[in-house]
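Survey of secondary and tertiary structure
Take a look at the letters that make up each chain.
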Amino acid sequence: MSLAAVYLSVHTPRYCTPEAAFAGKVAHPDFTMVRDGLVEQGRHLAAVRPDVIVINSCHLITTFPTVVDGTPRHRGVLTAQEAPELIHGVEYDLPGDYELASDLVDRGKAAGLPCTLANDVHYPLDYGTVMPLVCYLDKAQRIPVVPVSVCLVAGLDECFAWGRLIAETAGALGRRAAFVASGSVSHKLVRGPEQWPTPADQELDRRFAGLLDEGRYDALWKWLPEYAEAAKPEMGGRHLAMMLGALVGSGARFTATLHAYGPSSGSGNYVISMAAS
């Protein structure tokens, strides 16, 4: 089995702070659903017990190549540039998986995809990578992690191809991998953290989640460009394309658990776990 589980997760600072994760303190009642959903998602991942987590964060942004981080140990202190008042001084110490990252880059190059391998203790991790992991998905920080960037010049097709390669690489190395897409669905930001997406965008998000829940990955992939144009998901939906590529590339069927959906500054945020069945 190449992928043991696939996750659509959330990194917004309204949910992924130590205060929300460990003290249960949220700034608005509408944030409670997603925060509780992330707790459930962490339990789901713990039950799956993957060998490695491959995470694609919408805030690990590169311009021309896709960067795969194979640093054997990700260690540092994070203050989020975007929200230093909410996320500051967060220590992280996560194992990596150089072999998987290196093999993934080799396969990407063989497929003609612009990419590079990072192996540098000074390579910074973003809050969309660190915070879901340390707050909910792997609080003990014991599971090896391979961060994969979102590339600005890569279209949805290229991101989908990376998802397939992630599933292929994990299978070739005998890893029971979990793939995490860290980002929002509809993402038309406004000031006011408690603001919901428009009713029309919420309906688009529900259709997206419904197709995912039904396991209609090919239909969802076909619809993704239209959805991306209408709902404006975070980073153009690149993380969603990679997630769908991983689902399709695994060749497995997945049982979906829709934990929660909620707002953050006009964006829609789904917490969905999919275990291979």
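The preceding data block contains the structure.
What comes next is a walk through the structure. (Residues numbered from 1 in each chain as written. Predicted model: local features only at pLDDT ≥ 70, side-chain atom pairs only at ≥ 80, totals over all residues. Heavy atoms only, no water.)

**Looking at empty space enclosed by the protein**
Across all of its chains, the model carries 1 cavity of 30 Å³ or more by this definition. In this structure, the largest cavity spans a volume of roughly 50 Å³. Every residue lining the largest cavity is listed: Asp-69, Thr-71, Arg-73, His-74, Arg-75, Tyr-92, Asp-120, Val-121 and Tyr-123. (1 Å grid on protein atoms, 1.4 Å probe; cavity = no way out; pocket = protein on both sides within 12 Å on 5 of 7 lines; lining within 4 Å. Points joined across faces, edges and corners; volume = space filled by probe spheres on them.)

**Brief notes about the packing of aromatic side chains**
The full count for this structure, using the stated rule, is 7 aromatic pairs. Pairing Trp-196 with Tyr-261 gives two aromatic rings, centres 6.1 Å apart and planes at 50°, and the pair type is tilted. Of the two residues, Trp-196 is situated in the loop between β8 (177-182) and α6 (199-213) and Tyr-261 in strand β9 (residues 254-264); the sequence distance between them amounts to 65 residues. Judged by relative accessible area, Tyr-261 falls into the buried class, the value being 13%. For the pair Tyr-217 and Phe-254, a centre-to-centre distance of 6.5 Å together with 70° between the ring planes defines the contact as edge-to-face. Of this pair, Tyr-217 sits in helix α7 (residues 217-231) while Phe-254 sits in strand β9, and the two are 37 residues apart along the sequence. (Phe/Tyr/Trp six-rings, centres within 6.5 Å; stacked < 30°, edge-to-face > 60°. Helix = DSSP H or I, 4+ residues; strand = E, 2+ residues; numbered from the N terminus. Buried < 20%, exposed > 50% of the residue type's maximum accessible area, 1.4 Å probe, protein only.)

Function cannot be read off these values alone, since they describe shape.
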